[in-house]
Every structure is written in structure tokens, then in C-alpha cells.
Amino acid sequence: MRTVVEADCAVTQVSDTATATDGSGSLTSNTVDLAVAPGARCKPEVTVDKEICTVSNPHACGPGGAGPWAEKSPVGLLQLLGTAYWRITVTNTGPVAATGATVNDHTTPGCRTAAGTFDLAVGAGRQVYCSSFLLALPLKNTASATFSGLNAPPGTPPTTSAPSSAIACSLLCILTKES
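Only a predicted model underlies this, so the values are computations on that prediction, with no experimental measurement involved.

Visitor: Where do I start with the overall build of the protein in this structure?
Guide: Counting secondary structure elements, the protein contains 1 helix and 13 strands. Starting at the N terminus and ending at the C terminus, the protein contains elements arranged as β-β-β-β-β-β-β-β-α-β-β-β-β-β. Split by element, the accessible area of the protein, about 10,100 Å² in all, is 55% carbon and sulfur.

Listed below in C-alpha cells is the structure:
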């Protein structure tokens, strides 16, 4: 006997008992319980958007700050050296929650610390704010997120999202290909 579970991402286990009738009467099998591994359509879809604040006002660039935010700071915003304010938006548009999510940011480890470990419900997003003092500009800063899917079978490796980058510019951006 075969049991098929259609695309219901909430199903994590099935239980089945077979019955039949033959010449000697009715037969009933033992009940079998099986875990259900989620298919490709039952996984979180997590995206990351890394941005830099385009003004040098810490109040506009902190949690809930109006920014403005962009993929690249204006030339000269940070002078030759300065503090860059970053915003990382992590969003789950998949059919199941993402669990144990972390932010990967090798250039600015403080962003990973600021994010901590978190879960994202279906349709939910989380914004992480962090800053870094930059000694070398221009700087392309890239972030991604690593996460697991709710109800993923034990031993399933975490997934890492596609990366997103933002560029911090100085007066030197005029002279480089990054501008």
C-alpha cells in the first residue's frame, strides 16, 4: 500500500493502517507512522537586502530611522574615513517558516551579532541595523542569511540565501570602477 501526501507543507507525519478482506475474513495491519520530509515546494524562500544609509545622521540611520537607504552611498558621504550605517532586511516569502536564521556578514561581524538568531514566519521580515568604522573606502559589503525550514527532517543542512551588497563610498569613489 502507498500513501501519498499532496502539497500540504504543514504535514510532518502520516499514520496508516491497512485493511482487507479475504476468504478467512477481515484483516487489519499494524499501524505505521512515518515522518514526512518537505518537498521543494515546502521550504522557506529567504531573501536579503543590504543597504547603506545615505546621510550621516545616526538618528536617521538607526532602528526605525527614515534613512534614506540605498545600495550605494553618495560619493564623499563618508569623507576619507567614516562610519557607515547598514540596514539588512531579511524576508521570508516561502510557504513555511524559517527557523534558526542568522546573518552572514564577513566584512562587518557586528551585523551578525546585532541580528542574533531568529525565526521568520511566512510573509515576515526582520530588519537589522549595524554600523562600522571604515578605514579603507570604497568598500563593497555583502550579507546573506543562513536558515533552516520549519519541520525539516533531522540532519537536513541549513540553506544560505543569495547575497546582497551595498557600497560605502568616499572621495576615492570618483577614481575607482565602483562609482
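Visitor: What exactly am I supposed to notice about unusual backbone geometry here?
Guide: Only a minority of non-glycine residues have a phi that is not negative, and only a minority of peptide bonds are not trans. In the segment running from Gly-67 into Pro-68, the intervening peptide bond is cis, with an omega of 15°. With respect to the helices and strands, Pro-68 occurs in the loop between β5 (46–53) and β6 (69–70).

Visitor: Looking at this structure, I do not really get the pairing of strand β8 (residues 98–104). What am I missing?
Guide: Each regular strand displays side chains that alternate between the two surfaces of the sheet. Here β8 lies mainly inside the structure; 5 of its 7 residues are buried. As paired elements, β8 and strand β9 (residues 118–120) share 2 bridges and run antiparallel to each other. Its bridge partner lying in β9, Ala-98 is registered against Leu-120. Taken together, the 5 bridges between β8 and strand β11 (residues 139–149) define a ladder with antiparallel strand orientation. Looking at the pairing, Val-103 lines up with Ala-145 of β11.

Visitor: Just to check I follow, could you spell out the side chain of Asn-92 for this structure?
Guide: For Asn-92, the position within the fold is in strand β7 (residues 82–92). Once residues lying within four places of it in the same chain are set aside, the contact partners of Asn-92 are Pro-44, Glu-45, Val-46, Ala-97, Ala-98, Leu-120, Ala-121, Val-122, Gly-123 and Ala-124.

Visitor: Can you walk me through the pairing of strand β3 (residues 25–28) in this structure?
Guide: Note: strand β2 (residues 19–22) against β3, 4 bridges, orientation antiparallel. Within β3, the position partnered with Thr-19 by the bridge is Thr-28. The hairpin formed by β2 and β3 contains 2 residues between the paired strands.

Visitor: So what exactly am I meant to see when it comes to the nonpolar core here?
Guide: Among soluble globular proteins, nonpolar side chains are generally buried collectively. Core analysis: the biggest nonpolar cluster contains 24 residues, and Trp-86, Ile-88, Val-90, Val-103, Phe-118, Leu-134 and Ala-168 have the highest contact counts within it. Contributing elements (two or more residues each) for this core: β5, β7, β8, α1 (109–115), β9, β10 (125–134), β11 and β13 (164–168). Grouped together as the second largest cluster of nonpolar side chains are 5 residues, Cys-53, Cys-61, Trp-69 and Tyr-85 included.

Visitor: Looking at this structure, how should I read the packing of aromatic side chains?
Guide: Two aromatic rings are characterised by how far apart their centres lie and by the angle between their planes. Scanning all chains against the criterion turns up 1 aromatic pair. The lysine or arginine in question, Lys-50, covers the ring of Trp-86, its NZ or CZ lying 4.7 Å from the ring centre.

Visitor: Whenever I open this one, the state of the cysteines confuses me. Can you help?
Guide: Across all of its chains, the model carries 2 disulfides by this definition. Sulfur-sulfur distance for the disulfide between Cys-53 and Cys-61 comes to 2.0 Å. Note on the Cys-53 and Cys-61 pair: the S-S dihedral is about -70°, so by sign convention the disulfide is left-handed. Across the disulfide from Cys-111 sits Cys-130; the S-S distance is 1.9 Å. Here the disulfide of Cys-111 and Cys-130 is right-handed, its torsion about the S-S bond being about 85°. Of this pair, Cys-111 sits in helix α1 while Cys-130 is found in strand β10, placing the two residues 19 residues apart along the sequence.

Visitor: Got a minute to help me understand the sheet that holds β5 in this structure?
Guide: Strand pairing in a sheet relies on backbone hydrogen bonds. The paired strands run either parallel or antiparallel. The strand order across the open sheet built from 4 strands is β6-β5-β7-β10, with neighbouring strands paired in antiparallel fashion. Here the strands that pair on one side only, and so sit at the sheet edges, are β6 and β10. Direction of pairing for β5 relative to β6: antiparallel, over a ladder of 2 bridges. Across the sheet, the residue bridging to Cys-53 is Trp-69, located in β6.

Visitor: Explain the environment of Asp-105 to me, please; I cannot follow it from the model alone.
Guide: Of note, Asp-105 is situated in the loop between β8 and α1. In this structure, the C-alpha to C-alpha distance between Asp-105 and Ala-143, residues 38 residues apart in sequence, is 4.7 Å. Asp-105 has contacts with Lys-50, Ile-88, Cys-111, Asn-141, Thr-142 and Ala-143, leaving out every residue within four places of it along the chain.

Rules behind the numbers
Residues numbered from 1 in each chain as written. Predicted model: local features only at pLDDT ≥ 70, side-chain atom pairs only at ≥ 80, totals over all residues. Heavy atoms only, no water. Helix = DSSP H or I, 4+ residues; strand = E, 2+ residues; numbered from the N terminus. Areas by Shrake-Rupley, 256 points an atom, 1.4 Å probe, with all protein chains shown as cover. Buried < 20%, exposed > 50% of the residue type's maximum accessible area, 1.4 Å probe, protein only. Pairing = 2+ DSSP bridges. Contact = heavy atoms within 4.5 Å. Core = buried A, V, L, I, M, F, W, Y, C linked by side-chain atoms within 4.5 Å. Phe/Tyr/Trp six-rings, centres within 6.5 Å; stacked < 30°, edge-to-face > 60°. Lys NZ or Arg CZ within 6 Å of the ring centre and 35° of its normal. Disulfide = S-S within 2.5 Å.

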